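# Chains, contacts and geometry: an overview
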Amino acid sequence: MDKMIIDGGERLEGEVTISGAKNAALPIMAATLLADGTSVLENIPDLRDIRTIAELLRRLGAQVDLDSGRAEINTSPVNNLIAPYDLVRTMRASVLVLGPLLARHGRAQVSLPGGCAIGTRPINLHLKGLAAMGAEITLEHGYVKAKAPSQGLQGAEIFLDLPTVTGTENLLMAAVLAEGTTVLRNAAREPEISDLAGALSAMGAQIEGSGTDVITVQGVKSLEAMSYNVMPDRIEAGTFMVAAGVTHGRITMRQVPLATLTTVENRLRQAGLTFDRQGEDAVVVTGPAVINSVDVKTEPYPGFPTDMQAQFMALMCLASGLSVITETVFDNRFIHVDELKRMGADIRLSGNTAIVEGLPSLLGAPVMATDLRASASLVLAGLAAKGQTELSRVYHLDRGYERIEEKLSALGARIRRIKA
């Protein structure tokens, strides 16, 4: 099991290119199941989760070729409609094949994803929506078994009790081949959903309202394989912005989805970071000499993203004054706090709120990653800390950051990966 060794205290400076968005690539790869033929996807990041869904598609019978940011997926040979536990348990997003398989082939059997390190994330809203479209849903031996009516899925009015991202995506993919009109109300508004809608439209789907809380889909009889370029990763971009802040550095960032980062940018500006935009997708981010304390509260998009909470906390650990960070999206998403405290951070928890008293510096220490974004916060803390930080369980990091140690090294960080 690999470890990351970070010798902190270096000011980061230079240029970095943001990779494709994992959270957009995963549903778009699943969407290829909606049509026969070979789809070609560009800007696919080289990540553990991408390799997992590629393997899942192969288990279903698809031919998948991943190479240098490009995915070619031939779904014509798909002949297996079962997503097994051994893959789904490693990545909750595997449940995204449920909607496409059901819509295209009329049935599907997908393992329940179970819990998650950042709290329970049930799929009941996915199943409720599919049932509203006429699907017969049963739960047997840890699997969801879904069967469409003989005439296929039917359009429906679906109200989501919560704006679930994967639920919105699953139902959107099911709706594009349903007969008639489907309206998703209280839909999630994340940019990755809009990117999925763009990919589905490239396949011939008729979708209106993506990016709003009401999405209307007019079902079509069939779709075609697509060519599509996946959006850049807004969370990776936000993480590198924070890296500039914690190291008082200056980073030029390319391929940045700036329009999706307004809330993050506003909070970082309040913290003292400066942003010099260079066109629509490039920005120079400079960290301040003194970091200001800023309160944040996570909310569904366009609010402050829960996926940036841990990284922002690492920044606030070094701020001047007291900050309050409130997590409203996931329970149990403060599990990185104990690890930051091992580095000297002054953090007190009260329910879903963390009270952070900023300090002049942190101290390097052995720490352990507990989930994807927690691991990113520990890397950021290690970059700023005095002395050496040893981060274990970096496989969490590999789920969502492409070659992060190489990118940080190119900016001047002293960071290396070793075999444990």
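Above: the structure in question.
Conventions used here
- Residues numbered from 1 in each chain as written.
- Predicted model: local features only at pLDDT ≥ 70, side-chain atom pairs only at ≥ 80, totals over all residues.
- Heavy atoms only, no water.
- Phe/Tyr/Trp six-rings, centres within 6.5 Å; stacked < 30°, edge-to-face > 60°.
- Buried < 20%, exposed > 50% of the residue type's maximum accessible area, 1.4 Å probe, protein only.
- Pairing = 2+ DSSP bridges.
- Helix = DSSP H or I, 4+ residues; strand = E, 2+ residues; numbered from the N terminus.
- Axes fitted to C-alpha atoms, helices over the stretch in contact; angles between N-to-C directions.
- Expected span 1.5 Å × (residues − 1).
- Polar contact = N/O pair within 3.5 Å; in protein donor to acceptor, adjacent residues only side chain to side chain.
- Core = buried A, V, L, I, M, F, W, Y, C linked by side-chain atoms within 4.5 Å.
- Contact = heavy atoms within 4.5 Å.
- Salt bridge = Lys/Arg side-chain N within 4 Å of Asp/Glu carboxyl O.
- Lys, Arg positive; Asp, Glu negative; His and termini not counted.

## Here we look at the packing of aromatic side chains
Inspection of the entire model under this criterion finds one aromatic pair. Geometrically, the ring pair formed by F304 and F312 is edge-to-face, given 5.4 Å between the ring centres and 75 degrees between the ring planes. An identical accessibility class is assigned to F304 and F312; each is buried.

## With respect to the sheet that holds strand β12 (residues 206-208)
Spatially, the four strands line up as an open sheet ordered β10-β11-β13-β12, and their pairing is mixed. The open sheet terminates on both sides in strands that have one partner only, identified here as β10 (157-159) and β12. For this sheet, the mean angle separating the axes of adjacent strands, direction not counted, is 15 degrees.

## A few points about helix α12 (residues 372-384)
Between the first and last C-alpha of α12 there are 19 Å, a value that for 13 residues agrees with the 18 Å anticipated at 1.5 Å per step. Across the 13 residues that make up α12, a large majority, 13, are buried. One side-chain oxygen at the N-terminal end of α12 lies 3.1 Å from the backbone nitrogen of R373; it belongs to D371.

## A closer look at the nonpolar core
One finds L34, L172 and L200 to be the most contacted residues of the largest nonpolar core, which totals 80 residues. The biggest single contributor to this core is helix α1 (residues 22-31), with seven residues. Contacts of L34, omitting those with residues within four sequence positions, involve P100, A103, R104, M173, V176, L177, L200, M203 and L223.

## Re the environment of Q218
Along the chain, the position of Q218 falls in strand β13 (residues 214-218). You can call Q218 partly exposed: its relative accessible area is 35%. With residues near it in sequence (within four places) discarded, Q218 still touches G180, T181 and Q206.

## Here's the deal with unusual backbone geometry
Put simply, Y301 and P302 share a cis peptide bond, and its omega is 15 degrees. Structurally, the position occupied by P302 is in the loop between β18 (296-297) and α10 (309-316). For Q255, which is not glycine, the phi torsion reads 55 degrees and is therefore positive. Mapped onto the elements of the fold, Q255 is located in the loop between β15 (250-254) and α9 (262-270). The backbone of R403 sits at a positive phi, close to 50 degrees, despite the residue not being glycine. Tracing the chain through its elements places R403 in the loop between α13 (395-398) and α14 (404-410).

## Side note on the sheet that holds strand β22 (residues 366-368)
Reading across the sheet, the four strands line up as β22-β23-β1-β24 and stay open at both edges, with mixed pairing between neighbours. The strands lining the two open edges of the sheet, one partner per strand, are β22 and β24 (414-419). Across the sheet, the mean angle separating the axes of adjacent strands is 25 degrees when strand polarity is ignored. As paired strands, β22 and strand β23 (residues 388-392) are joined by three bridges and run parallel to one another. Following the sheet pairing, M368 is matched in β23 by S392. Sheet strands in contact with α12 are β1 (2-7), β22, β23 and β24, and its direction is about 165 degrees off that of β23.

## Notes on the pattern of salt bridges
A full pass over the atoms with the stated rule returns 29 salt bridges. In this structure, R70 engages E72 in a salt bridge whose closest nitrogen and oxygen atoms are separated by 3.1 Å. Relative accessible area serves as the criterion here: at 31%, E72 is assigned to the partly exposed category. Between E236 and K407 there is a salt bridge, with its nearest N and O atoms 2.7 Å apart.

## What about the side chain of E402?
Among the structural elements, E402 can be located in the loop between α13 and α14. Side-chain polar atoms of E402 contact the side chain of S19, separated by 2.6 Å. Reaching out from E402, the side chain makes a polar contact with the backbone nitrogen of D46 at a distance of 3.0 Å. Leave out the neighbours within four places in its chain, and E402 touches S19, P45, D46, L47 and K407.

## What to know about the pairing of strand β7 (residues 107-111)
The two faces of a sheet get side chains in turn, since along a regular strand they alternate between them. Two elements, strand β6 (residues 82-83) and β7, share two bridges in a ladder whose sense is parallel. Among the inter-strand pairings, I82 is bridged to a residue of β7, identified as Q109. In the sheet, β7 pairs with strand β9 (residues 143-147) via five bridges, with the strands oriented antiparallel. Across the sheet, residue R107 finds its bridge partner in β9, namely K147.

## Thoughts on the side chain of E327
Among the structural elements, E327 can be located in the loop between β19 (322-326) and α11 (337-342). Here E327 occupies a buried position and makes no salt bridge, while the nearest side chain of opposite charge, R333, is found at 5.4 Å. Here T306 takes part through its side chain, which lies 3.0 Å from a polar atom of the side chain of E327. Of note is the side chain of E327, whose polar atom sits 3.0 Å from the backbone nitrogen of V329. For E327, the residues in contact, after removing those within four places along its chain, are T298, T306, Q309, R333, F334 and N352.

Don't take any of this as a statement about function, it's just geometry.
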